[in-house]
Amino acid sequence: MENFASFGLPEQLIMALAHLKFDTPTPIQAQVIPHALEGRDILASAQTGTGKTAAFGIPLISKLILSPGGSALVVTPTRELAAQVSVMLKSLLGNQKTIKTALLIGGDAISKQLQQLRSNPRLIVGTPGRINDHLMRGSLKLHDAHFLVLDETDRMLDMGFAPQIDQILKYLPKKRQTLLLSATLPRNIVSLAEKFLNDPVRIAVIPTTQSTSNLKQEVLFVSEQDKHSHLDEQLAQRDGSIIVFVKTKMGAERMAKKLRMNDHSADAIHGDLSHNRRERVIKEFRDCKYRIMVATDIAARGLDISHVQHVINFDLPQCPEDYIHRIGRTARAGAEGSAICFISPADKRKWAAISHIINPGAKPEFDDRRSNGPKRKFGPRNGARRTSDSDFNFNSDRPKRSFNSSSRTDSGESRSYAGAGEKRSYAGSGEKRSFAGAGEKRSFAGSGEKRSFA
Ligand code: ADP
Ligand code: MG
């Protein structure tokens, strides 16, 4: 997608985009906008800062401009986000005066909001609590809200807004278009989507690592039982803050405890901790109160802690995309970082899937030799599309392929890897290989890719 004009948007919207100096759609925008303009429901995930607001905002505004009636509701977790979204949507509306807006957020004077609501706004942005207040009072009518956006949904659920969302949904017409956006797609979001979305197009933009020239990535082929001794070695060799990723909540707790017993300063973070506790663990890590954070995937996504120098993938992630999320925790904002990945014989299909994401052109590498094998490099990705999967529908009858993993993972995800499993044997003891920066610097132009999960 070259530019916004190719979406066939109304002229005034094109002008508003030019005014905003948005000339190229971001990957998530390139993928969401065409489907949303077609009227499809959408379940989209992409990291923070990838332009999700305009991804839903552009089709939303286009629909408001092109249809004579009907309204749109955007629900966001916090008042700050609601205000931010409202500003962006108003910019997209340009300087027209006919489409009125309302911002319904807690802590704001209700009288001002009542006044906005009396002007029959066609664009309503708000937080769940205040939207419900207005619904209860009867000051907000949503029977003609045919366009619904749930923004930053993972955060809304984290903040305990699920009941409020349920409540709001009761006031909306059954026949509507719903866009659900989220930085991450944990299981509860997928369930929510199954409940409220109709045959959604599922779009996930997988972030590549930031500038990877400053990220050193290594893999270590190890046997399952040797992982702990390799970890000890790695921890001893490395300076600075470290995140160790493990598979299960229990595993995270156990490992942090063990590390503390061995005189490391460590703490664990995972989905079983209370929200407050999680915040504290993160804050203390951020403040360098301890050095090693043992984490499961659910707890560690989106963490932006600049001093993380090393990521150790003790266990591989359950879904291959999480590998990218994980290594993105280090080498942030131009800092140096390194990531090492322990791969046991049982991991080979997973590693194949991850390798495919890192470098779709290359054959997955498994180690056949014991040692002194040539160091292989993962070349640049040549901008190739990583997967050929097309849109995912919940009703897809595509066969499911998954690992027979019996342990419950923290993310509780039921996504599966596309099995690229080849029969190859592993070297028993750990040898290390490194590969050069596998990602490449990404420009915003349609280099995003779409993956679907069975
Ligand atoms: P997200 O919701 O994914 O976290 P935002 O929608 O807040 O991301 O966008 C992040 C930033 O990117 C904002 O400052 C926004 O103005 C900018 N942005 C969004 N889309 C574009 C684009 N197509 N071109 C240039 N900047 C963009
Ligand atoms: Mg956002």
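Reading the values: rules and limits
- Residues numbered from 1 in each chain as written.
- Chains lettered and ligands numbered in written order.
- Predicted model: local features only at pLDDT ≥ 70, side-chain atom pairs only at ≥ 80, totals over all residues.
- Heavy atoms only, no water.
- Buried < 20%, exposed > 50% of the residue type's maximum accessible area, 1.4 Å probe, protein only.
- Helix = DSSP H or I, 4+ residues; strand = E, 2+ residues; numbered from the N terminus.
- Pairing = 2+ DSSP bridges.
- Right-handed = clockwise from strand over helix to strand, strands pointing away.
- Core = buried A, V, L, I, M, F, W, Y, C linked by side-chain atoms within 4.5 Å.
- Contact = heavy atoms within 4.5 Å.
- Axes fitted to C-alpha atoms, helices over the stretch in contact; angles between N-to-C directions.
- Left-handed = near helix turned anticlockwise from the far one by under 90°.
- Near = heavy atom within 4 Å.
- Polar contact = N/O pair within 3.5 Å; in protein donor to acceptor, adjacent residues only side chain to side chain.
- Areas by Shrake-Rupley, 256 points an atom, 1.4 Å probe, with all protein chains shown as cover.
- Nonpolar A, V, L, I, M, F, W, Y, C, P; charged D, E, K, R; others polar.

(A) Main features of the pairing of strand β4 (residues 123-126). Burial along β4 is two-sided: the face carrying L123 and V125 and the face carrying I124 and G126 are both buried. Here strand β2 (residues 71-75) runs beside β4; their pairing, made up of four bridges, is parallel. Bridged to V75 within β4 is G126. Two strands pair when backbone bridges link them, and strand β3 (residues 101-104) and β4 are joined in this way by four bridges, in the parallel orientation. Its bridge partner being in β4, L103 is matched across the sheet by V125. One crossover worth recording links β3 to the parallel β4 by way of helix α5 (residues 110-118), and it is right-handed.

(B) Structural detail: the nonpolar core. Counting residues in hydrophobic clusters, the biggest one holds 39 residues, and the most contacted among them are F56, I58, L60, V74, L89 and L123. It is helix α3 (residues 52-66) that provides the largest number of residues to this core, a total of seven residues. In this view, V74 contacts F56, L60, V85, L89, L123, I124, V125, G126, I131 and V149; residues no more than four positions away in its chain are not counted. One finds I269, V281, I305 and V311 within the second-largest nonpolar core, a separate group that totals 30 residues.

(C) The arrangement of the packing of helix α1 (residues 11-20) against α3 in detail. Interaxial distance between α1 and α3 falls to 9 Å at its minimum, and their mutual angle equals 145 degrees. Between α1 and α3 lies a crossing whose hand is right-handed. Listed contacts from α3 to Q12, L13 and L17 of α1 are I58, I61, S62 and I65.

(D) Structural detail: the site of ligand 1. Among the 13 residues in the neighbourhood of ligand 1, the closest are listed as T24, Q29, G49, K52 and T53. Contact between ligand 1 and Q29: a nitrogen atom at 2.8 Å from a side-chain N or O atom of the residue. Backbone polar atom of G51 to an oxygen atom of ligand 1: 3.1 Å apart, as the coordinates give it. Bound to the protein, ligand 1 loses 74% of the 570 Å² it would expose on its own. The class makeup of the residues in the shell around ligand 1 is three nonpolar, nine polar and one charged.

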